[in-house]
Amino acid sequence: MVGTVRDMRLFCVTREDIGPDIVWLGLVPEGGDWPPTAPGQFYMLEVPTSERCFALRRPFSLHDLQDGVGYFLFRRMGFGTRRLGSLRPGEAIRGFGPLGRPFPEPTGDGPIGLISGGLGMATLYLWHRTLVRQGRGVYHLYAARTAEQLVRLEALKALGGTLWLATDDGSLGWAGRADEVLRRYEAEFRRPWSALYVCGPTVMIRACVEVLRSYTEAPIWAILEAPMACGYGVCRGCAVPVRTNPPSYRMVCVDGPALSADEVDWSCLPSP
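Residues numbered from 1 in each chain as written. Predicted model: local features only at pLDDT ≥ 70, side-chain atom pairs only at ≥ 80, totals over all residues. Heavy atoms only, no water.

Q: Explanation requested: the pattern of salt bridges in the structure shown.
A: Pairing between side chains becomes possible if they bear opposite charge and their charged atoms approach one another. Scanning all chains against the criterion turns up 16 salt bridges. Here Glu-186 ties to Arg-190 by a salt bridge, and the two come within 2.4 Å at their closest N and O atoms. Classification of Arg-190 by relative accessible area gives partly exposed; the value is 44%. The shortest N-O distance in the salt bridge between Asp-262 and Arg-213 comes to 2.8 Å. You can see Asp-262 sitting in the segment after β16 (258-260) and its partner Arg-213 sitting in helix α6 (residues 202-213), a full 49 residues away along the chain. Since its relative accessible area comes to 41%, Asp-262 is described here as partly exposed. Judged by its relative accessible area of 26%, Arg-213 is partly exposed. Residues participating in the shared-partner salt-bridge network are Arg-177, Asp-179, Glu-180 and Arg-183. (Salt bridge = Lys/Arg side-chain N within 4 Å of Asp/Glu carboxyl O. Buried < 20%, exposed > 50% of the residue type's maximum accessible area, 1.4 Å probe, protein only. Helix = DSSP H or I, 4+ residues; strand = E, 2+ residues; numbered from the N terminus.)

In structure tokens:
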């Protein structure tokens, strides 16, 4: 069940650096209860600053929920994420959500494939746990540039299912980018999939979808991120081109974040 969208005051209860510029931030709503949130949904979090040029909130998927604490996993990139990544216990921000559509449920009883590129794992973690609890066979490829960027490994392993690791530099797991690993270990990835879910940088998703589609006709869901100012379809900042006649767009915030990889017009998006 998905909860009603709420604008909440959120208190920081914990913040931990768990990788190179990677932050694990724990927040609790005033009153103590998060709205029911399905895997794939996200929240717009306020950047705590008096600078008006940073008034817009930032979208973050709910990474985990434990004992009433909602966790968000992200990398410090610009001013907004650096400021959020410096929150101290007791500090408060505003949060708005849950937003977006829950991940599409797989059909059939075949295995489920998850592919995380870098902090794409932040979005797929709850889905991995949910699928295992449903009794599904889960195979999760978690890829990053270096071993240091493969975070929360023990928590991922504890979820169950099969976890594969890959790093660009070969420092942990298979050596190579996610799409290279998919090609090199074809026998592992030619399975009777019920569905596949790919999350990470757009260029990585595009490259992985190309390989996977040569192996399977199962639904492939591309979990996209995009700049957005509102989170509910008004600003149109997160428009993604799709292959329709005439050409049209889907909004990551209200139609996604999981869009059919066969529907997305990849020719209009960044290529590897």
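Q: For this particular structure, what's the right way to read the sheet that holds strand β7 (residues 92-99)?
A: Note: strands within a sheet are paired through backbone hydrogen bonds, in either parallel or antiparallel orientation. Pairing within the open sheet is antiparallel, and its seven strands lie in the order β4-β3-β7-β1-β2-β6-β5. Among the strands making up the open sheet, the edge pair consists of β4 (58-61) and β5 (64-66). Neighbour to neighbour, the strand axes of the sheet diverge by 40° on average, direction disregarded. Examined bridge by bridge, strand β3 (residues 42-45) and β4 share four bridges and lie antiparallel to one another. Within the sheet, the bridge partner assigned to Met-44 lies in β4 and is Pro-59. Packed on one face of the sheet, helix α2 (residues 121-133) meets β4, β5 and β6 (69-75) and runs near 55° to β5. (Pairing = 2+ DSSP bridges. Axes fitted to C-alpha atoms, helices over the stretch in contact; angles between N-to-C directions. Contact = heavy atoms within 4.5 Å.)

Q: Quick question: what am I supposed to make of a nonpolar patch on the surface here?
A: A contiguous nonpolar patch, built from Tyr-232, Val-234 and Val-254 and spanning about 280 Å² of accessible area, is present on the exposed surface. Tracing the chain through its elements places Val-254 in helix α7 (residues 252-255). Looking at Val-254, the relative accessible area reads 32%, which means it is partly exposed. (Patch = residues over 30% accessible without salt bridge, like charges linked within 9 Å, V, L, I, M, F, W, Y side chains within 5 Å. Areas by Shrake-Rupley, 256 points an atom, 1.4 Å probe, with all protein chains shown as cover.)

Q: Even after reading the chapter, I still don't get the sheet that holds strand β11 (residues 174-175), so can you show me in this structure?
A: Strand order in the open sheet made by the seven strands is β11-β10-β9-β8-β12-β13-β16, with mixed pairing throughout. Because the sheet does not close on itself, it has two edges, and the strands there are β11 and β16. Examined bridge by bridge, strand β12 (residues 195-199) and strand β13 (residues 220-223) share four bridges and lie parallel to one another. Within β13, the residue paired with Tyr-197 across the bridge is Trp-221. The sheet strands contacting α2 are β8 (112-117), β9 (138-144), β12 and β13, and the helix crosses β8 at an angle near 160°. Relative to the sheet, α6 contacts β8, β12 and β13, its axis offset from that of β12 by approximately 160°.

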